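# Close look at the chain arrangement
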Amino acid sequence: MTTSKKMFLMLVLCSIILTSFSKNRELNQKQNFAFEQPNQLYTYREYVISYGYYAVEIMKEFKIPASVILAQAMLETSFGKSKLSQKSNNHFGIKCDNTWHGSSVQHSDDEQQECFRAYPTVKASFQDYGKFISSRPWYFHLFKLETNNYRKWAVGLHEAGYATDPQYSNKIIDLIERYQLYQLDEM
């Protein structure tokens, strides 16, 4: 990616952050909610700036919406604060299976001390996510969808068994819409 394209992407990411920050502040004030703690907003901003670029790269390579990629990573890691992401750079909660020959860590999730993939970098986690989704037959039908159809992608990932949380697709869609991550799909 050229320097001018990287600069453009950074401007879009900053625009997403500023716009959603203003909208959330207005929404909170209108609904008489307490304003979010600064640490939570800082974590969101830093997460989008740090990893939004990876999501766009994976979208371009694997044809998965960047908005869905980034929202899943945000949800799976609690904006990078989860123990799993901090100790293993695993930003998608991908467990070990018989095809995994890389590093791993033990982490309690659905069951006690399950095997999860571990990565040397966060970028490697994003790359493996793209390979994982694009190589599993139960996700193949999603690649018939456009990359700007984040709603159907989120629902399809959940229906194909990506996560056990019955509200998973709703949570992904909420993050995409709240933080206007759908703008990344147009990159």
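As shown above, the structure is provided for reference.
First, a word on scope: everything that follows refers to the structure included in this document.

## A look at the state of the cysteines
Summed over all chains, the structure comprises one disulfide. Covalently, Cys96 is tied to Cys115 through a disulfide, its sulfur atoms 2.2 Å apart. Given an S-S torsion of about -65°, the disulfide between Cys96 and Cys115 has left-handed geometry. Here the residue Cys96 occupies a position in the loop between α4 (83-88) and β1 (104-107), and Cys115 occupies one in strand β2 (residues 114-117), the gap between them amounting to 19 residues.

## Focus on helix α6 (residues 150-159)
Burial in α6 covers these residues: Tyr150, Trp153, Ala154, Gly156 and Leu157. Projected down its long axis, α6 carries its buried residues within an arc of 165°, all on one side. Residues of α6 that are exposed and point more than 90 degrees away from the buried face comprise Lys152 and Glu159. Buried residues belonging to α6 abut α3 (66-77), α5 (122-135) and α7 (168-178).

## Some words on the environment of Val56
Looking at the secondary structure, you find Val56 in helix α2 (residues 38-62). Here Val56 falls in the buried class, since its relative accessible area comes to 1%. Separated by 130 residues in sequence, Val56 and Glu186 have C-alpha atoms that sit 9.4 Å apart.

## Thoughts on the side chain of Ser82
Position of Ser82 among the secondary structure elements: in the loop between α3 and α4. For Ser82, a relative accessible area of 15% corresponds to the buried category. Apart from the residues lying within four places of it in its own chain, the contact partners of Ser82 are Glu76 and Thr77.

## Remarks on α7
Turning to α7, its buried residues number three or more, namely Tyr168, Ser169, Ile172, Ile173, Leu175 and Ile176. Here the buried residues of α7 occupy an arc of 160° about the axis, which is enough to place them on one side. In the stretch just after α7, Gln180 is the one whose phi turns positive, near 55°.

## Regarding the packing of α3 against α6
Relative to each other, α3 and α6 sit at 50°, their axes nearing to 9 Å. It follows from the interaxial angle that α3 and α6 lie oblique. By crossing handedness, the relation of α3 to α6 is classed as right-handed. Note on element contacts: α6 touches α3 through Tyr150, Trp153, Ala154 and Leu157, opposite Ser67, Val68 and Gln72. A per-class count over the contact of α3 with α6 returns five nonpolar, two polar and no charged.

## Observations concerning the nonpolar core
In summary, soluble globular proteins display a tendency toward joint burial of nonpolar side chains. With 43 residues, the main nonpolar core has Leu70, Phe126, Tyr129, Ile133, Leu157, Tyr162 and Leu181 as its most contacted residues. Elements with a minimum of two residues in this core: α2, α3, α5, α6 and α7. Leaving out residues up to four positions away in the same chain, Phe126 has contacts with Tyr47, Tyr51, Tyr54, Ala55, Ile58, Ile69, Leu70, Ala73, His91 and Phe92.

## Structural notes on the pattern of salt bridges
Per the counting criterion, the structure on display carries eight salt bridges. Here Asp128 makes a salt bridge to Arg117, at a shortest N to O gap of 2.8 Å. With Asp128 in helix α5 and Arg117 in strand β2, this residue pair connects regions lying 11 residues apart in the sequence. Taken individually, Asp128 and Arg117 each receive the classification buried, so the pair is uniform in this respect. Between Glu177 and Arg151 there is a salt bridge, with the nearest N and O atoms lying 2.2 Å from each other. With Glu177 in helix α7 and Arg151 in helix α6, the pair connects residues that are 26 residues apart, well separated along the chain. Take Glu177: its relative accessible area is 31%, and that puts it in the partly exposed class. For Arg151, a relative accessible area of 45% puts it in the partly exposed group.

Criteria and thresholds
Residues numbered from 1 in each chain as written. Predicted model: local features only at pLDDT ≥ 70, side-chain atom pairs only at ≥ 80, totals over all residues. Heavy atoms only, no water. Disulfide = S-S within 2.5 Å. Helix = DSSP H or I, 4+ residues; strand = E, 2+ residues; numbered from the N terminus. Buried < 20%, exposed > 50% of the residue type's maximum accessible area, 1.4 Å probe, protein only. Arc of directions from axis to C-beta. Contact = heavy atoms within 4.5 Å. Axes fitted to C-alpha atoms, helices over the stretch in contact; angles between N-to-C directions. Parallel < 35°, antiparallel > 145°, perpendicular 65-115°, else oblique. Left-handed = near helix turned anticlockwise from the far one by under 90°. Nonpolar A, V, L, I, M, F, W, Y, C, P; charged D, E, K, R; others polar. Core = buried A, V, L, I, M, F, W, Y, C linked by side-chain atoms within 4.5 Å. Salt bridge = Lys/Arg side-chain N within 4 Å of Asp/Glu carboxyl O.

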